Amino acid sequence: MQRPVPRHKGGGVARGIPAVLSVACAFALWEIYVRLSGISPLVLPAPSRVVEQMVLNRSLLWDNTLPTIKATLAGFALSVTVAFVFSVLLDFRPRLRRALFPIFVVSQTLPLVAIAPLVVLWFGFDLAPKVLLVALVTFFPMLVSLVDGYESTDPEIEALLFSMGASRGVVFRSARLPSAMPYFFAGLRISITYAVVAAIFAEYVGARAGLGIVILNAKNSFRPDLMLAAVVISSALTLVLFALTALLQRVALRWRDFGDQR
Amino acid sequence: MSMLSMKGVSLALEGTRVLDDIALHVGAGEFVSILGPSGAGKSTILRLLTGALRPDQGVITCGGAPLDPRDHGFAFMPQRDALMPWRRIIDNATLGLEVQGVPRREARARVLPLLEAFGLSGFEGHYPAQLSGGMRQRAALLRTVAQNRSMLLLDEPFGALDALTRTRMQRWFEERWREGRWSTLLVTHDIREAVALSDRIYVLSRRPARVIAERAVPMARPRLGRPATAKAHALEAELLDILLTQTGDSP
Ligand SMILES: Nc1ncnc2c1ncn2[C@@H]1O[C@H](COP(=O)(O)OP(=O)(O)OP(=O)(O)O)[C@@H](O)[C@H]1O
Ligand SMILES: [Mg+2]
């Protein structure tokens, strides 16, 4: 038998070339436009100026990136933990699901613009409100992906385990949980992108430090170049976290790399 | 002594009568097949035996005692192979032992010597998706046999295979069974398979399923891998006739 062909291994670096090229083109056009039009840097700074500001203000930017990373990771860890605990509870107690699911859905309908100032008002300017807001935004997608994942379990596998005398707990551990893992990682990848945005928004509403504060101060002092510098950093942060979850998925779901040979 | 006996078993599912007064038995070391048209209720009988369903009426006994739905002593093979895609073949094969509480190392040590006979040696580290249909089916059979239960319940184990692979698997399974002599209840709609493998055959009608015929199969084993005897041909023809004419109106 020949070696199995891995299913979703890409062409590595080569596959990223078109994306890098198109982004580079966009920045080049932007730079050319700013130079030719002579537009004021107070309205639209050129990419070169944004980069220059990033270098000049590197220690300010770094000091404000760390709190954002902290809030994002702490909030996300909290949300994944709580979502997992609730998903297990709801899986074992369907009546609880009917009671609690509407509340979770409502939690998703709350506008962040209104909720964020309230949470800051209640919990102060430190880490706590940011963690809570990140958790609030990412909890529901994580919960739904887990619950859907459990439901995707092959009924024949469950019937088989049941015929072997397995308890509900064993069926959960050896069939429902592994079946949910691809769904879990899909949810993780989506949620992590929300998480960074939520952390920055929470800081913007009220904090001592963070990328959100950099953006707020830059706005108040008419510095679009610094605002864009913060935007670049937050995008980079999101991309790095996204890549980490993708890597985690590759490691945890190694069995999916082995293609169907039938 | 009878390993398994069902008497007067009836069952309705969501208002549909599926089983009607079913009576059958399987002796120790006996190979019994249930033949019936598609949708008759064959899988439903196995679901009663594995405790997934309870009969509305009738008694099921197991070695003389009433069937305990949570501790029935049957090793069940579902209609599709139901291999766990995230477990390697060896870990799929030891699943039943693990559920019984056998430590993983010991379970592996018990299953490894069986790999050879099941044509899976060298593949214990593969995932199910890497295996051919026939190999997956052998892995599922290994998982069933490895449970070391008093009786096998097999739901169309070769039904999903192409004709050539199926014939090969039936020959292979006849050999395995002649070594193991497990008490077996096989569900199938393949007449040739039932005649080749069984000691006795029950024929079911269309839904609601009743037992409309019971035939003993007296031919000497092995029966596969050589020309079928005249007796086998006659029995196959008779069973085909029963299935075509007596199972009730076609839907
Ligand atoms: N939960 C259910 N509710 C209502 N009817 C059901 C239910 N489960 C099965 N049935 C019906 O019971 C009948 C028997 O089903 P079963 O799966 O036992 O058939 P089978 O003989 O194994 O068929 P096949 O050869 O196609 O596997 C079918 O006609 C099916 O429609
Ligand atoms: Mg069936």
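Residues numbered from 1 in each chain as written. Chains lettered and ligands numbered in written order. Predicted model: local features only at pLDDT ≥ 70, side-chain atom pairs only at ≥ 80, totals over all residues. Heavy atoms only, no water.

### Some words on the overall build of chain A
For chain A, the helix and strand inventory stands at ten helices and zero strands. Starting at the N terminus, the α and β elements of chain A follow one another as α-α-α-α-α-α-α-α-α-α. A globule of 262 residues ought to have a C-alpha radius of gyration of about 18 Å, yet chain A, at 23 Å, is considerably larger. In terms of overall dimensions, chain A has a C-alpha envelope of 75 × 55 × 25 Å along the principal axes. A total of 262 residues make up chain A; the buried ones form 39% of that total. Of all intrachain contacts in chain A linking residues separated by at least 6 positions in sequence, the fraction that spans at least 24 positions is 74%. Of the roughly 14200 Å² of accessible surface on chain A, 71% is carried by carbon and sulfur atoms. (Helix = DSSP H or I, 4+ residues; strand = E, 2+ residues; numbered from the N terminus. Rg over C-alpha atoms; globule rule 2.2 N^0.38 Å. Buried < 20%, exposed > 50% of the residue type's maximum accessible area, 1.4 Å probe, protein only. Contact = heavy atoms within 4.5 Å. Areas by Shrake-Rupley, 256 points an atom, 1.4 Å probe, with all protein chains shown as cover.)

### Looking at the coordination of the magnesium ion (ligand 2)
Residue and element names in this part refer to chain B. The protein atoms that coordinate the magnesium ion (ligand 2) are Ser43 (OG) and Gln79 (OE1), at distances spanning 1.9 to 2.4 Å. On the criterion of sequence distance, the pair formed by Ser43 in helix α1 (residues 42–49) and Gln79 in the loop between β6 (74–77) and α2 (89–93) is long-range, its members being 36 residues apart. The class of Ser43 is partly exposed, set by a relative accessible area of 24%. A relative accessible area of 34% places Gln79 in the partly exposed class. (Donors = N, O, S within 2.8 Å, 3.2 Å for Na, K, Ca; no water.)

### Description of helix α6 (residues 163–180) of chain B
Residue and element names in this part refer to chain B. The first and last C-alpha atoms of α6 sit 25 Å apart over 18 residues, in line with the 26 Å expected at 1.5 Å per residue. Within α6, the full set of buried residues consists of Thr165, Met169, Gln170, Trp172, Phe173, Glu174, Arg176 and Trp177. Each element contacted by the buried residues of α6 is listed here: β3 (31–35), α5 (133–145), β7 (151–155), β8 (183–188) and α7 (191–197). Where α6 terminates, the next one or two residues include Arg181, which has phi positive at roughly 55 degrees. (Expected span 1.5 Å × (residues − 1).)

### Comments concerning the pairing of strand β9 (residues 200–204) of chain B
Remark: a regular strand shows side chains that alternate across the two faces of the sheet. Residues and elements named next belong to chain B. With five of five residues buried, β9 is to be regarded as a mostly interior element. The alternating pattern of β9 places Arg200, Tyr202 and Leu204 on one face and Ile201 and Val203 on the opposite face, and all of these are buried. In terms of strand pairing, β3 meets β9 through four bridges, oriented parallel. When the sheet's bridge partners are listed, Ile34 is paired in β9 with Tyr202. As defined by bridge partners, β9 adjoins strand β10 (residues 211–216) across five bridges and the pair is classed as antiparallel. For Ile201, the partnering residue across the bridge sits in β10 and is Arg215. Two successive antiparallel strands, β9 and β10, enclose a turn made up of six residues. (Pairing = 2+ DSSP bridges.)

### A short note on the site of ligand 1
All names here are of chain B. For ligand 1, the set of nearby residues contains 15 residues, the closest of which are Gly39, Lys42, Ser43, Thr44 and Arg207. Within the side chain of Gln79, a nitrogen or oxygen atom sits 2.9 Å from an oxygen atom of ligand 1. Note that an oxygen atom of ligand 1 is positioned 2.7 Å from one of the side-chain N or O atoms of Arg207. Sorting elements by how many residues they give to the shell around ligand 1 places α1 first, with four residues. For the shell around ligand 1, the residue count by class is three nonpolar, seven polar and five charged. (Near = heavy atom within 4 Å. Polar contact = N/O pair within 3.5 Å; in protein donor to acceptor, adjacent residues only side chain to side chain. Nonpolar A, V, L, I, M, F, W, Y, C, P; charged D, E, K, R; others polar.)

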